[in-house]
Amino acid sequence: TQLLEQSPQFLSIQEGENLTVYCNSSSVFSSLQWYRQEPGEGPVLLVTVVTGGEVKKLKRLTFQFGDARKDSSLHITAAQTGDTGLYLCADSRITAGANNLFFGTGTRLTVIP
Amino acid sequence: EAQVTQNPRYLITVTGKKLTVTCSQNMNHEYMSWYRQDPGLGLRQIYYSMNVEVTDKGDVPEGYKVSRKEKRNFPLILESPSPNQTSLYFCASSRSWGMGPERAFFGQGTRLTVV
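These remarks concern the structure in this document. Being a predicted model, the structure only gives us computed values, none of them experimental. Each residue is numbered by its place in its chain's sequence as written, counting from 1. Labels follow written order: the first chain is A, the first ligand is 1, and so on. Local features in this predicted model are restricted to residues of pLDDT 70 or higher, and side-chain atom pairs are both shown and tallied only at a pLDDT of 80 or more, whereas totals for entire chains, interfaces and linings draw on every residue. Only hydrogens and water are set aside; all other atoms, that is, all heavy atoms of the structure, feed into the side-chain values.

### Focus: the nonpolar core
And then number 1: Residues A:L32, A:W34, A:L74 and A:I76 are the most contacted members of the largest nonpolar core, which totals 22 residues.
And then number 2: Within the residue set of this core, elements represented by two or more residues are strand 3 (19–25), strand 4 (32–37), strand 5 (44–49), strand 7 (61–65), strand 8 (71–76), strand 9 (85–95) and strand 11 (107–112) of chain A.
And then number 3: If sequence neighbours within four positions are ignored, A:I76 has contacts with A:E17, A:N18, A:L19, A:R60, A:L61, A:D83, A:Y87 and A:L109.
And then number 4: The set of buried Ala, Val, Leu, Ile, Met, Phe, Trp, Tyr and Cys residues whose side-chain atoms join them within 4.5 Å is what this entry labels a nonpolar core. Working definition: with a 1.4 Å probe on protein chains only, accessible area under 20% of the residue-type maximum means buried, over 50% means exposed, and in between means partly exposed. With 19 residues, the next largest nonpolar core counts B:L19, B:M27, B:L78 and B:C91 among its residues. For the purposes of this entry, the term helix denotes a DSSP run of H or I that reaches at least four residues, the term strand denotes a run of E that reaches at least two, and both are numbered from the N terminus. Residues count as neighbours in contact if any of their non-hydrogen atoms are within 4.5 Å of one another.

Okay, structure coming up:
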């Protein structure tokens, strides 16, 4: 059974600081998605990475996909209070012809003003 | 506006009283899915549907039923709720045959408490 581990589980930082959160898999990712979930809302897709070694940037967020496609990181530069939320990584898994998402347990980020 | 709508947002019920959580999407998506979210366990898939009248079990289907009679609707049914089904539930949809690497759209969630 594939395991998706995210670390750290909780992270509290001051506004303006940089941070990195990680997603590691016990097996190779098919494709990896990162989501952010704000309190009282559903997850919202941030990015999809597919190719080993891929780096994608979304404003102050930088996503890296490991060369072996078993790990990924999300780096936030100069964190803002609006970055507060639960960050989830998810792998796609093909089951009976359907491409389902399998989620990690998440990193809960709090940015303190 | 593209959206997935769940109702109700909050529900408190008693053990054994049948309930239905509705989910509707306005994007003509073929694929829909239900997840539950629990502290420390993340999002776990309950059921999914690839199209009308096509449903299949996810990782935690016990105690739940679903139906897909229309493309836009995918209700979650708890025939006899128990306290261990207290959770935050999310419905999601995406185009074609699944959610990866297609973009998944999530509803706002239904917080269910079974006493």
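### Overview of the state of the cysteines
And then number 1: The term disulfide is used for any two cysteine sulfur atoms that are within 2.5 Å. One pass over the structure, following the stated rule, counts two disulfides over all chains.
And then number 2: Between the sulfur of A:C23 and that of A:C89 lies a disulfide, 2.0 Å long from S to S. Across the S-S bond of A:C23 and A:C89 the torsion is about 75°, and the bridge reads as right-handed. Taken together, the residues A:C23 in strand 3 and A:C89 in strand 9 connect sequence positions 66 residues apart.
And then number 3: For B:C23, the disulfide goes to B:C91, at an S-S distance of 1.9 Å. Sign of the S-S torsion, about -75° for the bond between B:C23 and B:C91, identifies this disulfide as left-handed. With B:C23 in strand 3 (residues 19–25) and B:C91 in strand 9 (residues 87–94), this pair connects stretches of sequence that are 68 residues apart. Pair check on accessibility: B:C23 and B:C91 agree, each one buried.

### Looking at the interface of chain A and chain B
Many analyses report the size of an interface as the accessible area lost when the parts associate.
And then number 1: Counting from both sides, the interface comprises 26 residues of chain A and, opposite them, 25 residues of chain B.
And then number 2: Buried area: the accessible surface (1.4 Å probe) lost by two parts on joining, summed over both. Of the roughly 1900 Å² buried between chain A and chain B on both sides combined, carbon and sulfur atoms contribute 51%.
And then number 3: The three residues of chain A that bury the most area against chain B are A:N99, A:N100 and A:F103, which together make up 24% of that side's buried surface.
And then number 4: When a carboxyl oxygen of Asp or Glu lies within 4 Å of a side-chain nitrogen of Lys or Arg, that pair is called a salt bridge. Applying the counting rule to chain A against chain B returns one salt bridge.

### Topic: the pattern of salt bridges
And then number 1: Taken as a whole, this structure holds eight salt bridges over all chains when the rule is applied.
And then number 2: A:E54 is paired through a salt bridge with A:K56; the nearest N and O atoms lie 3.7 Å apart.
And then number 3: A:E54 sits in the buried class, given a relative accessible area of 19%.
And then number 4: Overall, the relative accessible area of 31% leaves A:K56 in the partly exposed class.
And then number 5: Notably, a salt bridge pairs B:K65 with B:E79, separated by 2.9 Å at the nearest N-O pair. Taken as a pair, B:K65 in strand 7 (residues 65–66) and B:E79 in the loop between strand 8 (76–78) and strand 9 lie far apart in primary sequence, 14 residues in all.
And then number 6: Each of B:K18, B:K65 and B:E79 takes part in salt bridges that share partners, so that together they form one network.

### As for the sheet that holds strand 8 of chain A
Residues and elements named next belong to chain A.
And then number 1: Strands qualify as paired when DSSP identifies two bridges or more between them. The strand order across the open sheet built from five strands is 1-3-8-7-6, with neighbouring strands paired in antiparallel fashion. Strands at the two margins of the open sheet, each flanked by one partner only, are strand 1 (4–7) and strand 6 (55–58). Looking at each pair of strands side by side, their axes are set apart by 15° on average, direction ignored.
And then number 2: Of the pairings in the sheet, the one linking strand 3 to strand 8 comprises six bridges and is antiparallel in character. What sits directly across from C23, in strand 8, is S72. Note on method: axes are straight lines fitted to C-alpha atoms, helices fitted across the in-contact stretch only, with angles between N-to-C directions ranging 0 to 180 degrees.

### Things to note about the environment of A:L58
Residues and elements named next belong to chain A.
And then number 1: Tracing the sequence through the fold places L58 in strand 6.
And then number 2: Classification of L58 by relative accessible area gives partly exposed; the value is 38%.
And then number 3: In this structure, the C-alpha to C-alpha distance between L58 and V111, residues 53 residues apart in sequence, is 18 Å.
And then number 4: Ignoring any residue separated from it by four or fewer positions in sequence, one finds L58 in contact with L46 and F63.

### Observations concerning the packing of aromatic side chains
And then number 1: Aromatic pairs are defined between Phe, Tyr and Trp rings, using the six-membered ring for Trp, whenever the two ring centres lie within 6.5 Å; interplanar angles under 30 degrees are classed as stacked, those over 60 as edge-to-face, and all others as tilted. Under the defined criterion, the tally for this structure stands at 10 aromatic pairs over all chains.
And then number 2: Relative to B:F106, the ring of A:Y35 lies with its centre 5.8 Å away and its plane at 85°, an arrangement referred to as edge-to-face. One end of the pair, A:Y35, is in strand 4; the other, B:F106, is in strand 10 (residues 105–106), on a second chain. Each member of the pair, A:Y35 together with B:F106, is buried.
And then number 3: Ring geometry for B:F90 and B:F106: centres 6.5 Å apart, planes at 80°, overall edge-to-face.

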